[in-house]
Amino acid sequence: MSGWEAVNSQTSQPGSSVQKTLSRTVTLGRVQPQTPALRTIFCNDRDANFAHRHKGNSISTTKYNIFTFLPKGLYEQFRRVANLYFLMVSILSATPYSPVNPVTNMVPFSLVLLFSLIKEAFEDWQRFQNDNAINNTPVDVLQAQGWETLQWKKLQVGDIIRVKQDGFFPADILLLASTNADGVCYIETANLDGETNLKIRKALEKTWDYLTPEKACEFKGEVQCEQPNNSLYTFTGNLAIGNQTLPLSPNQILLRVFSEHLFSIISNVVKGCSLKNTDFIVGSVIFTGHETKVMMNSMNVPSKRSTLERKLDRLILALFSTLFCMCLLGAIGSGIFIDRKYFYLGLGKNVEDQFNPDRRFMVFILTMLTLLTLYSTLIPISLYVSIETIKFIQSSQFINKDLNMYHAETNTPASARTSNLNEELGQVEYIFSDKTGTLTRNLMEFFKCSIGGEIYGTGMTEIERGVAARKGIKVQEVQTSTGAVREKGFNFDDVRLMRGAWRNEPNHDACKEFFRCLAICHTVLPEGDMSPEKIKYQAASPDEAALVLAAKNFGFFFYRRTPTMIYVRESHVERMGKTQDASYEILNVLEFNSTRKRQSVVCRYPDGRLVLYCKGADTVIYERLRSGNDDLNKVTRDHLEQFGSAGLRTLCLAYRDLASDLYESWNEKFIKAKSSLRDREKRLDEVAELIEKELILIGATAIEDKLQEGVPSCIQTLSKAGIKIWVLTGDKMETAINIAYACNLLNNEMKQFVISSETDAIREVEERGDQVEIALFIKDEVKKQLTQCLDEAPQYFCSPNGPKLGLVIDGKCLMYALDPSLRIMLLTLSLNCASYSVWIKGLHTAKKGYAVTSLVKKGAHKITLGIGDGANDVSMIQAAHIGIGISGLEGMQAVMASDFAIAQFRFLEDLLLVHGRWAYIRLCKVVMYFFYKNLAFTLTQFWFTFNTGFSGQRFYDDWFQSLYNVIFTALPVVFVGLFDKDISPSLSKKYPELYKEGVKNMFFKWRVVAIWAFFAVYHSLVFFYFISASSTTSLDRSGKMFGLWDVSTMAFTCVVVTTNLRLLMMCNSITKWHCISVGGSILVWFLFISLYSAIMTPLDRNDNMYWVIYILMGTSYFYVTLLLVPVAALLVDFLYLSVQRWFFPYDYQVVQEIHKDDIHSTGLSDLLELKQHLTPDEARSYEISQLPKEVSKHTGFAFDSPGYESFFASQFSKYVPPKAWDVARRASMRSKATPN
């Protein structure tokens, strides 16, 4: 009975359960298998696990295997339209109607495909080797009451394994036992998330004894847990041992290692967790292979194509259209020309269809196919291969190895994780940036605090100095007290609290509670010697480490922790100078997460006192405070506002004394929620709400996160480059504005638009509590504010000397501004501003960052760049055209999702203004040159068609046509794409306005394409008609006229020489590599034709090239023509470039003229004197510049131009009387300013 019949029979049987049948998922012919909600694992029992068919532990990150490589690889190649075109041409060349030998088309095309497939294979081979190394790593597995070494790939779910110190975990493991006391082990996850602090994992007390192989063999447990998923930091499950069921949490799970192929063949990096400070651990395998959390969490970075590539596609389509028109014209001409009146053509009745006057439509069709193969060189076959090669070397050798983007402190170089977007870096118009860890160092220092309504701490932050400078207030340097403590993470100075002086404060009891909260309420791990001077703290965040360091320096030294106890050495508690060790039992830890925004610890004092300590954001703490302390709460809130205005990160500290019966009843609910297999996190949060209330406020902490070095100057430079910067942050309004001033994003010369929800009208509506009314009112208010800004903005950006515009908008208003009915207004405001800086505050969610980035990217069609350092920035990084990851202290998630990775925000200056700008200009030149040389070459064949009755007779030999792109003109253009340099890196940063040329796409406009097309047409006319006309009056040594192959060889020689010389004229700098490649290409042509003409084989066609070059070189005609044709062709180019440089210069050409003599006018003594006045960064850059390297002498018509004298003088505020040339130049510049 078929599956469908079975279902019908069940529903038709009397008494069958209809509801049961309908609830099943049924497809035609079979019943869909349902995935069980939970996974059952039998520890130490392979036979029982076999029935569940769990996946093996072998992993594979390769794209291909031995069977799929060829079909999948070819599919990837033929996804490109150009490759499909060349495949079609190769097939057509094998037909009888092709004028060229099929081998000459198929061989170059095959070489291009082979190159691409070899590249794919090599990259995949690297992945395979990396996978192999991991799969064959040895591990100790329990077999027959002993440890046996097996390969990782042979592990199975449920196996008992042993991992030694510094070893990686081969699978996701349930920790059973550890050599450390209390079943504790320490793991490092730096390879997984970038965090160098050690993390603690603790086995269940019931399994501590299963450490030896004899005891481990006795272990028979059953694990019921969640199905494999990609959540790295959660785990839900229970362990059943005998009749007891124990809840499992992430604290008992050790994650496996995995291999991520970071970029092509550059590097393979091993990721995952490793065991530290523990001799060995014993665990049971839970998830294996591709079902492990890290393997399921490995993210695929979305494929991105640069804007230049998309415009290149349009250029290729234009070439296709040109090719079609050329073929159509030739086919029409052939259909008209074919006639029997031309008796010498022998067009009899039995003539083939292509030349049969009686079948003119067939003549038209077949001639179209013939000309399609003949003109196929119009589309450059080696263009994509050349561009990929150039991009790959640019990223791997130039960006990755740039010492100016190397961060010595963290030993971190820049990393190009993709080579597809190099030129996109030169066209960025909008930057979307995170603040913490991106603009700031993410190195937290305890700076100030508020205890019992009193502020402590005398320092002044960078933000406060910036605010004072903005208001014109002279800042007095704060005197540091004698004996002030200075330690990384602690930058606090106030004699009222240090060295036990807090005992003399009126609120000394609050101080004691404050310090104990800092010392107890955390998850920090102490490491090393248990002395205050040598101990090191491993914390989940730098904020938490700073708070524990503060407690230590205040006299509450946390020095040891076990899973259930915290040990603190307290000074000056009983009396001044007395030190005592106190142990606090940790009963429960309510961990911090982005939803709760707080962390709590329930502890028992040595005297039996039960206390809940809580620290968190002011918004969540104030909601849970006990009524009755309104004065303290109000004063502390004012202090929080003051700290926030100074750019400090704040936390509130509170506590609650607990009665024993209250705690016991709550703890039962907590244990029950912790054992739940469904919605465990949600239930734990609900239980936490029951006890985190009726809190008493102790005070607040203020931690400083200083700006990264060079951020203000970098932002100022990028703004001059025409880049509009949007910063997304969760700070309060006043804090956001002050930090924006400190990093030069805002200044007093800007007109600032502020869109805020913190208005009296909005507060009044919010107090009424009607959510619908609140939403409608805020939306209307945002609309009014946006309308007001749009009405006011034009008067500023219409004025040439008007101020720049800045916008500050809070997250609540942004949510409504992104509404479909208002987003156009927000977008219009940003696009109409000539210089625009945006500081978005209150932006907590990654979703909003993604929405803002997408708004500009899709709505404005501007090139965007997203930069961040944390997991919450990933969506913004992936949404932007270019994603930049900061390899900072918040982990590696942002880097893993990015296109480029740098260590500091200031490196954006080099990445964009130097590498990005160079890559854009170089690739534009490469594309334009390919377009020019192929059009010039193909048009000579096109002109020849008019002299052959449109018959499709070829002008060049087959091999000339095939090797023109692949050999004779291939290498020089690659060196232009790699080494051409218009100005030095220092000048690129000195004149950031030059970057605007890329933003405006000055070098890849249709006007530029038309200019190159004009020269291609002109050169082709010179090549064909100059040579064909002169050859009619010339004779060889034997007195014979030159034949077709003599003329075509002469023409091809001139094409090769001229196009290679034209490449030198387009270069801004000429190195030895340019000379070698150009000279080598010309030399290779002469070597090739010398050999090719000297050999004749039976495979040659009857119209062969035998001895042609030797006949030509035996005449003076050859040498005169070889001299005159390139000169006649390039003379017009020379005149155009001269006029363009004199009267219509690009900005970079003006800078070239200003600095063309710098290297000659600066003597050694001047350089030495200059070096003494350099900053450390400038001195380092100077030393780098003096390293041995290729010296590029400036060329490209950098001759003196009297028309620039008054222009240059104005740059230095000097007056020089204008000359006639200046009048012409100013007139030309006015015409240049008009939009195209």
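- In the annotation of an unreviewed UniProt entry, the chain is listed under the name Phospholipid-transporting ATPase and assigned to Hibiscus sabdariffa.
- Looking at the Catalytic activity (unreviewed entry) heading of the UniProt record, one finds this comment for the chain: "ATP + H2O + phospholipidSide 1 = ADP + phosphate + phospholipidSide 2."

1. Things to note about the overall build of the chain
- For the chain, the helix and strand inventory stands at 45 helices and 39 strands.
- Sorting the 1236 residues of the chain into buried and exposed places 52% on the buried side.
- Long-range contacts, defined here as pairs at least 24 residues apart, represent 73% of the contacts in the chain between residues at least 6 apart.
- A total accessible area of about 55400 Å² is found for the chain, and carbon and sulfur atoms account for 57% of it.

2. Some thoughts on the packing of helix α30 (residues 908–945) against helix α32 (residues 971–979)
- Their axes nearest at 8 Å, the elements α30 and α32 cross at an angle of 160 degrees. The angle between α30 and α32 places the two elements in the roughly antiparallel class. Crossing angle aside, the handedness with which α30 passes α32 is right-handed. On the side of α30, the interface is formed by Arg-922, Val-926, Tyr-929 and Phe-930, while α32 contributes Val-973, Val-976, Gly-977, Leu-978 and Phe-979.

3. Points about the sheet that holds strand β6 (residues 160–164)
- Strand order in this open sheet of six strands is β5-β4-β6-β17-β7-β13, and the pairing throughout is antiparallel. The two strands at the open ends of the sheet, each matched to only one other strand, are β5 (146–151) and β13 (253–254).

4. Re the sheet that holds strand β29 (residues 648–657)
- Here nine strands make up an open sheet; going across it, the order is β21-β20-β30-β29-β28-β27-β26-β25-β24 and the pairing antiparallel. Either end of the sheet is taken by a strand with one partner, and the two such strands are β21 (454–456) and β24 (556–561). Strand-to-strand twist in this sheet, taken as the mean axis angle between neighbours without regard to direction, amounts to 30 degrees.
- Across eight bridges, the pairing between strand β20 (residues 440–451) and strand β30 (residues 696–707) is antiparallel.

5. Topic: the confidence of the model for the chain
- Per-residue pLDDT for the chain has a mean of 80; in total, 81% of the residues score no lower than 70.
- Confidence, expressed as mean pLDDT per element, reaches its minimum in the chain at helix α2 (residues 18–22) with 32 and its maximum at strand β28 (residues 610–616) with 95.
- Contacts of residues 1160–1170 to residues separated by more than four positions or lying in other chains number three contacts, the stretch itself having pLDDT below 50.
- With pLDDT under 50 throughout, residues 1185–1236 is counted as low confidence; its partners more than four residues away or in other chains account for 77 contacts.

6. Observations regarding the pattern of salt bridges
- Counted by the stated rule, this structure contains 37 salt bridges.
- Linking Arg-624 and Glu-689 is a salt bridge whose minimum nitrogen-to-oxygen distance equals 2.8 Å. With Arg-624 in the loop between α16 (618–622) and α17 (630–645) and Glu-689 in helix α19 (residues 680–691), this pair connects stretches of sequence that are 65 residues apart.
- Residue classification places Arg-624 among the buried positions, given a relative accessible area of 12%.
- Connected through shared salt-bridge partners, Arg-596, Arg-598, Glu-623, Arg-624, Glu-689 and Glu-692 make up one network.

7. Here we look at the packing of aromatic side chains
- Considering all chains together, one arrives at 62 aromatic pairs under this definition.
- When the ring of Phe-942 is compared with that of Phe-946, the centres are 5.1 Å apart and the planes differ by 90 degrees; the resulting orientation is edge-to-face.
- Accessibility expressed as a relative area gives 8% for Phe-942, which makes it buried.
- Over the ring of Phe-280 we find Arg-162, and its NZ or CZ is 5.5 Å from the ring centre.
- Its guanidinium or amino end placed over the ring of Tyr-559, Arg-569 lies 4.5 Å from that ring's centre, counting from NZ or CZ.

8. Overview of the pairing of strand β26 (residues 579–590)
- Pairing of strand β25 (residues 565–571) with β26 involves seven bridges; the strand directions are antiparallel. Note on β26: the bridge partner recorded for Arg-569 is Asp-581.
- The pairing of β26 with strand β27 (residues 598–604) spans five bridges and is classified as antiparallel. Each bridged residue has a counterpart across the sheet, and for Leu-590 the counterpart in β27 is Ser-600.

What counts, and where the lines are drawn
- Residues take numbers from 1 onward in each chain, read along the sequence in its written order.
- For this predicted model, a pLDDT threshold of at least 70 governs which residues receive local features, and a threshold of 80 or more governs which side-chain atom pairs are given and counted, while totals over whole chains, interfaces and linings are taken from all residues.
- Side-chain calculation: all heavy atoms of the structure are included, whereas hydrogens and water are not.
- UniProt positions are given in the numbering used here, feature names are shortened, and annotations may be inferred rather than shown by experiment.
- Going along the chain from the N terminus, every DSSP run of H or I of four or more residues is numbered as a helix, and every run of E of two or more is numbered as a strand.
- Here's how the labels work: a residue is buried when its accessible area is under 20% of the maximum for its type, exposed when over 50%, partly exposed in between, all with a 1.4 Å probe on protein chains only.
- Note on definitions: a residue-residue contact is assigned when non-hydrogen atoms from the two residues lie within 4.5 Å.
- Computed with a 1.4 Å probe, the accessible areas rest on the Shrake-Rupley method; for each residue, only the protein chains presented here act as cover.
- Every axis corresponds to a line fitted to the C-alpha atoms, with the helix fit spanning only the stretch in contact, and the corresponding angles, defined between N-to-C directions, vary from 0 to 180 degrees.
- Convention used here: angles under 35 degrees read as roughly parallel, angles over 145 as roughly antiparallel, angles from 65 to 115 as roughly perpendicular, and any remaining angle as oblique.
- Note on convention: near helix rotated counterclockwise from far helix by under a right angle means a left-handed crossing. Clockwise means right-handed.
- DSSP-based pairing: two strands are paired if at least 2 bridges between them are found.
- What pLDDT conveys is the predictor's confidence in a given residue, as a value from 0 to 100.
- Salt bridge, as applied in this entry: a Lys or Arg side-chain nitrogen positioned within 4 Å of an Asp or Glu carboxyl oxygen.
- The aromatic pairing rule takes the rings of Phe, Tyr and Trp, using the six-membered ring of Trp, and pairs them if the centres are within 6.5 Å, calling planes under 30 degrees apart stacked, those over 60 edge-to-face and the rest tilted.
- A ring has a charge above it when a Lys NZ or an Arg CZ is no more than 6 Å from the ring centre and no more than 35 degrees off the ring normal.

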